[in-house]
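Coordinates in review
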Amino acid sequence: VNKPGAPALAISKKAANITQKQADANGQTAQAGDVIEYSLTTSNISNVDYKNAPIASEDLADVLEYSTLDLNTLAGGVFDSKTNTLSWNETPTIKARESFTKKFRVTVKSPIPSTPRPATLNNRSSGDLVMQNVYGNSVEIKLPGTPIKTVETINGTMPKTGPGESLLVGFILMT
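Each chain has its residues counted from 1, running along the sequence as written. Where local features are concerned, this predicted model is filtered to residues with pLDDT of at least 70; where side-chain atom pairs are given and counted, the filter is 80 or more; whole-chain, interface and lining totals use all residues. Excluded from the side-chain calculations are hydrogens and water; all other atoms, namely the structure's heavy atoms, are used.

This brings us to the nonpolar core. We define a nonpolar core as any set of buried Ala, Val, Leu, Ile, Met, Phe, Trp, Tyr and Cys residues linked to one another through side-chain atoms lying within 4.5 Å. A simple rule labels every residue: compare its accessible area, found with a 1.4 Å probe on the protein chains alone, to the largest value its type can have, and call it buried under 20%, exposed over 50%, or partly exposed in between. In this structure, Ile 36, Tyr 38, Phe 104, Val 106, Met 131, Ile 141 and Leu 143 are the most contacted members of the largest nonpolar core, which totals 29 residues. Counting from the N terminus, the helices are the DSSP runs of H or I reaching at least four residues and the strands are the DSSP runs of E reaching at least two. Sorting the residues of this core by element identifies β2 (35-44), α1 (63-66), β6 (85-88), β7 (99-108), β8 (130-135) and β9 (137-142) as the ones contributing at least two each. Residues contacting Val 106, with those up to four places away along its chain left out, are Asp 34, Val 35, Ile 36, Tyr 38, Val 63, Leu 64, Ser 67, Thr 68, Leu 69 and Asp 70. Any two residues whose heavy atoms approach within 4.5 Å are treated as being in contact.

Another point: the sheet that holds β2. Whether two strands pair comes down to DSSP finding at least two bridges between them. Spatially, β1-β2-β7-β4 is the arrangement adopted by the 4 strands of the open sheet, whose pairing is antiparallel. Either end of the sheet is taken by a strand with one partner, and the two such strands are β1 (9-17) and β4 (67-69). Each adjacent strand pair in this sheet contributes to an overall mean axis angle of 30 degrees, direction not counted. Of the pairings in the sheet, the one linking β1 to β2 comprises 9 bridges and is antiparallel in character. Residue Ile 11 lies in a different strand from β2, and its bridge partner there is Thr 42. Fitting a line to C-alpha atoms yields each axis, with helices limited to the stretch in contact; the angle taken between N-to-C directions then spans 0 to 180 degrees.

Here it is in structure tokens:
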């Protein structure tokens, strides 16, 4: 419970598809190679300044199943590749009713993986072709499925050229 006059934070997230020039990529379909920019916002929803405000960590496990993190866009963020977590060590002062935003980018893999990775088998959404994560609110970016290879059928009118037929042709040629 927040005391009157005590600082309070709220977090939210947005995603933009830079490649397709979509300001709001939530619920949209991204293509292989698209660059997605995430914005993580920490808002001071109180009437007093919040000194040393903690910036929440970002779990990127589901996003990184289908994309690669652009390490040049972390703006002071630290990425832990073992836990797929992005965090910031800074603790800024956020003035009353103001916000603090961190941005980073990922690039959708090409080709887009369509099967679950062994490291994510315990993740029920693994292999679902949706980059989903939550930072206050849920953001979901859909991905197109990879084309399914169809099985070719052999025409029944093709000549039979198995081992028996080869022996017969060889015998005829010899005689």
